[in-house]
Amino acid sequence: AECRLRRELAHCHRSSPIEVVYAGRLLKKIMKPAYPTLLFANKAPRDVHGVFDDVRELNLNASLYTTEHAGAVQSLLSANRDVAMLCKLYAYLQSPFARTLFLDTDVFVLQPSLVHSLLGHTLRLADIAAPVDPAHDTVPHAPLLSFGMVAFHAQNPEVRRIFSNAVVRMARRDGAARNSDQEAFYLEWTEGAYHHLRVMPLTE
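Residues numbered from 1 in each chain as written. Predicted model: local features only at pLDDT ≥ 70, side-chain atom pairs only at ≥ 80, totals over all residues. Heavy atoms only, no water.

Novice: Can you lay out the packing of helix α6 (residues 157-172) against helix α7 (residues 181-191) for me, pointing to particular residues and giving the numbers?
Specialist: Taken N-terminus to C-terminus, the directions of α6 and α7 make an angle of 115 degrees; their axes are 8 Å apart at the nearest point. In this structure, α6 crosses over α7, and the sense of that crossing is right-handed. Counted together, Ile162, Phe163, Asn165, Ala166, Arg169 and Met170 of α6 and Asp181, Ala184, Phe185, Leu187, Glu188, Trp189 and Glu191 of α7 form the full contact between these two elements. A breakdown of the residues in the contact of α6 with α7 according to their chemical character gives eight nonpolar, one polar and four charged. (Axes fitted to C-alpha atoms, helices over the stretch in contact; angles between N-to-C directions. Helix = DSSP H or I, 4+ residues; strand = E, 2+ residues; numbered from the N terminus. Left-handed = near helix turned anticlockwise from the far one by under 90°. Contact = heavy atoms within 4.5 Å. Nonpolar A, V, L, I, M, F, W, Y, C, P; charged D, E, K, R; others polar.)

See below:
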């Protein structure tokens, strides 16, 4: 079984749509108790229906979360690799759930209780929780968080405000050498005024 898993993972990394399907199937099979799953996509991969409970097209209207900087956001959306990370912020903001666990499609959940632990227990103590990013450890004030896996209260006003402001930071490209969702969030978290926002760094 382990060898088969390795072969299938190697195959998945050559094709993103297959990776999405495999990660979704594994998540549904592993997690206990079961939680509803939702895939956001600009174009849903073939055979993905039935793997996820819901599949939605991501709304990339630049004026959804900013009016003053809508032009800059729209420009970024049509520009380069940064668009994928900007889309992640849009997905966070469009979650219909009260408590959300966002997973990149290359994150494979192997611990049955992980989803329930984060949504049912960690989010009692925090508004946002994500693991520390070990690949980028030179930031001065607080640990940089990896947004390959992030749990959050999706309808919390402070959570929505920090994600929306991170969208604007990405569009303006201010203050970060690497213009990603997690760098934009980090700068907004450490430089903005979020006195009632509870952020919990998780272990690597």
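Here the narrative resumes.
Novice: So, the side chain of Thr100: which residues are in play, and what are the values?
Specialist: Within the secondary structure layout, Thr100 lies in strand β3 (residues 99-103). For Thr100, the side chain forms a polar contact with the side chain of Ser95, separated by 2.5 Å. Once you skip the residues sitting within four places of it in the chain, Thr100 turns out to touch Ser95, Leu119, Leu123, Val150, Ala151, Phe152 and Ala154. (Polar contact = N/O pair within 3.5 Å; in protein donor to acceptor, adjacent residues only side chain to side chain.)

Novice: Any details on the pattern of salt bridges? Residues and values, ideally.
Specialist: Throughout the structure, instances matching the rule amount to eight salt bridges. Note that Lys88 is salt-bridged to Asp181, the shortest N-O span being 3.4 Å. Of this pair, Lys88 sits in helix α4 (residues 82-93) while Asp181 is found in helix α7, placing the two residues 93 residues apart along the sequence. Comparing Lys88 with Asp181 shows no difference in burial state: the two are buried. The shortest N-O distance in the salt bridge between Arg161 and Glu158 comes to 2.9 Å. (Salt bridge = Lys/Arg side-chain N within 4 Å of Asp/Glu carboxyl O. Buried < 20%, exposed > 50% of the residue type's maximum accessible area, 1.4 Å probe, protein only.)

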